[in-house]
Amino acid sequence: MNKVKIGIIGVGNMGSNHCVNILEGKAPEVELRAVADIRETRRTWAKENLPDTVTIFEDGDELIKSGLCDAVFIVTPHYDHPGLVIKALEHGLHALCEKPAGVYTKQVREMNRAAAKSDRIFAIMFNQRTNHLYRKMHELVQGGTLGAIKRVNWIITDWYRTQAYYNSGDWRATWSGEGGGVLLNQCPHNLDLLQWICGMPSTVMAKCHNGKWHEIEVEDDVTAYLEYPNGATGVFVTSTADAPGTNRFEITLEKGKLVCEDDGLTLYMLDTNEREHCHTAAEGFKKPEGRYVELETDGANPQHMGVLNAFAARILHGTPLVAEGAEGINGLTLSNAMHLSSWLGKAVQIPFDEELFLEELDKRRKASGLKKEVKEVTFNTEGSYGSK
């Protein structure tokens with residue numbers, strides 16, 4: 001095999017974008033062999049825009065069973081991700097899954113168990129892990145040279161969405177169709193990066209405001225307080241209604257402070273560990289000395305194609321993935337914990353009661369309503385890392 005024959009399940013906004021990128025040669029070790037979508041309008045798009053060498057199916061099960069592909073790329077609404085991954089693995093196909101891994105951790109845990117039993121490759125589309133700024137933050141924080149984390153703050157409110165966006169799909173921004181709002185659709189990358197770089201908090205206290213700024217039933221404004229096992233604290237703030245929005249990720253550690261903002265990364269490095277300085281300095285107001293350090297990165301930010309090319313290379317050559325599929329449960333754990341905390345009105349420990357979460361989610365799914373009016377909306381996904 002010198003190319004991975006891939007089928008894309010779901011050719012909506014993101015799926016069609018992936019099709020075009022593959023056909024334009026941006027994934028040289030990938031060959032697009034099939035697509036599937038339950039919507040006739042999207043199959044019509046495929047017939048009009050994809051070559052005759054690409055077979056079009058009405059659903060993912062047909063594509064998986066067809067024998068045309070070595071691997072599938074799943075780009076469907078969130079609830080469908082785990083089931084399709086499991087079916088693909090059971091039929092001997094490699095699987096790449098769009099974010100999030102699923103809607104609730106219990107279903108994702110079942111998917112991870114199936115993947116652990118399989119000899120196929122399972123990856124997840126955490127394309128922001130390819131960003132050189134976040135890779136450098138991961139290297140510095142996890143490397144330990146800056147000491148332990150003391151405080152984490154991420155305000156990520158540059159996810160602006162209009163009402164037209166939410167009106168573009170009957171499943172969008174509903175508990176029954178999508179399973180959540182900004183946390184589950186826009187922020188899976190941020191929540192993955194948060195735990196990938198800083199580790200998993202032990203306690204979450206959150207307030208999720210449902211339909212605060214839009215006519216939707218799920219959350220579009222969230223503030224969460226985090227506590228870490230070592231005593232560090234954090235705040236995570238997100239919204240789809242701030243204009244202009246902010247994207248500032250700040251990590252204070254014992255030996256310095258990292259700030260990622262405006263496509264740049266700065267490090268203020270202390271000469272001594274702040275904890276040592278605090279207890280040894282004779283002066284009451286003397287801050288530890290320090291300086292700004294120029295950080296070098298490789299500048300690379302291949303995004304979706306970086307993940308897809310790494311997926312193909314793992315299959316063909318055994319090289320590392322950008323993100324193992326099993327890691328998708330980590331960011332979802334944070335999302336679920338924030339929802340559960342808001343629903344219960346109290347702090348939630350991690351790990352939390354997955355059965356209780358599903359009970360609470362099911363209450364909202366039963367009361368949920370798909371939209372009656374759906375309008376076509378054009379999305380520009382160039383440079384985007386969260387749109388669907």
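Criteria and cut-off values
- Residues numbered from 1 in each chain as written.
- Predicted model: local features only at pLDDT ≥ 70, side-chain atom pairs only at ≥ 80, totals over all residues.
- Heavy atoms only, no water.
- Helix = DSSP H or I, 4+ residues; strand = E, 2+ residues; numbered from the N terminus.
- Rg over C-alpha atoms; globule rule 2.2 N^0.38 Å.
- Buried < 20%, exposed > 50% of the residue type's maximum accessible area, 1.4 Å probe, protein only.
- Contact = heavy atoms within 4.5 Å.
- Pairing = 2+ DSSP bridges.
- Axes fitted to C-alpha atoms, helices over the stretch in contact; angles between N-to-C directions.
- pLDDT = per-residue confidence, 0-100.
- Parallel < 35°, antiparallel > 145°, perpendicular 65-115°, else oblique.
- Nonpolar A, V, L, I, M, F, W, Y, C, P; charged D, E, K, R; others polar.

Caption draft 1: Representation of the overall build of the chain in the model. In terms of regular secondary structure, the chain is built from 13 helices and 15 strands. For 388 residues, the compact-globule estimate of 2.2 N^0.38 gives 21 Å, and the chain sits close to it at 22 Å. Judged by the C-alpha coordinates and their principal axes, the chain covers about 75 × 50 × 40 Å. Scored against the burial criterion, the 388 residues of the chain give a buried share of 55%. Look at the contacts in the chain between residues 6 or more apart in sequence, and 71% of them connect residues 24 or more apart.

Caption draft 2: Layout of the sheet that holds strand β1 (residues 4-9). Judged by pairing direction, the sheet is parallel, and its six strands sit side by side in the order β3-β2-β1-β4-β5-β6 without closing on themselves. Taken across any chain shown, the strands that pair with only one partner, and hence form the sheet edges, are β3 (55-57) and β6 (122-124). Across the sheet, the axes of successive neighbouring strands diverge by a mean angle of 25 degrees, strand direction being ignored. The pairing of β1 with strand β2 (residues 30-36) spans six bridges and is parallel. The residue bridging Val4 from the neighbouring strand is Val30, located in β2.

Caption draft 3: Just the confidence of the model for the chain, in detail. Taken residue by residue, the chain gives an average pLDDT of 95. The fraction at 70 or more is 95%. Every residue in residues 378-388 is under pLDDT 50, and counting partners more than four places away or in other chains gives 37 contacts.

Caption draft 4: Spatial organisation of the packing of helix α5 (residues 105-117) against helix α13 (residues 354-366). At a closest axis distance of 9 Å, the pairing of α5 and α13 adopts a crossing angle of 125 degrees. By the angle class used here, α5 and α13 are oblique. Counted together, Thr105, Lys106 and Arg109 of α5 and Glu354, Glu355 and Leu358 of α13 form the full contact between these two elements. Across the contact of α5 with α13, the residue classes tally to one nonpolar, one polar and four charged.

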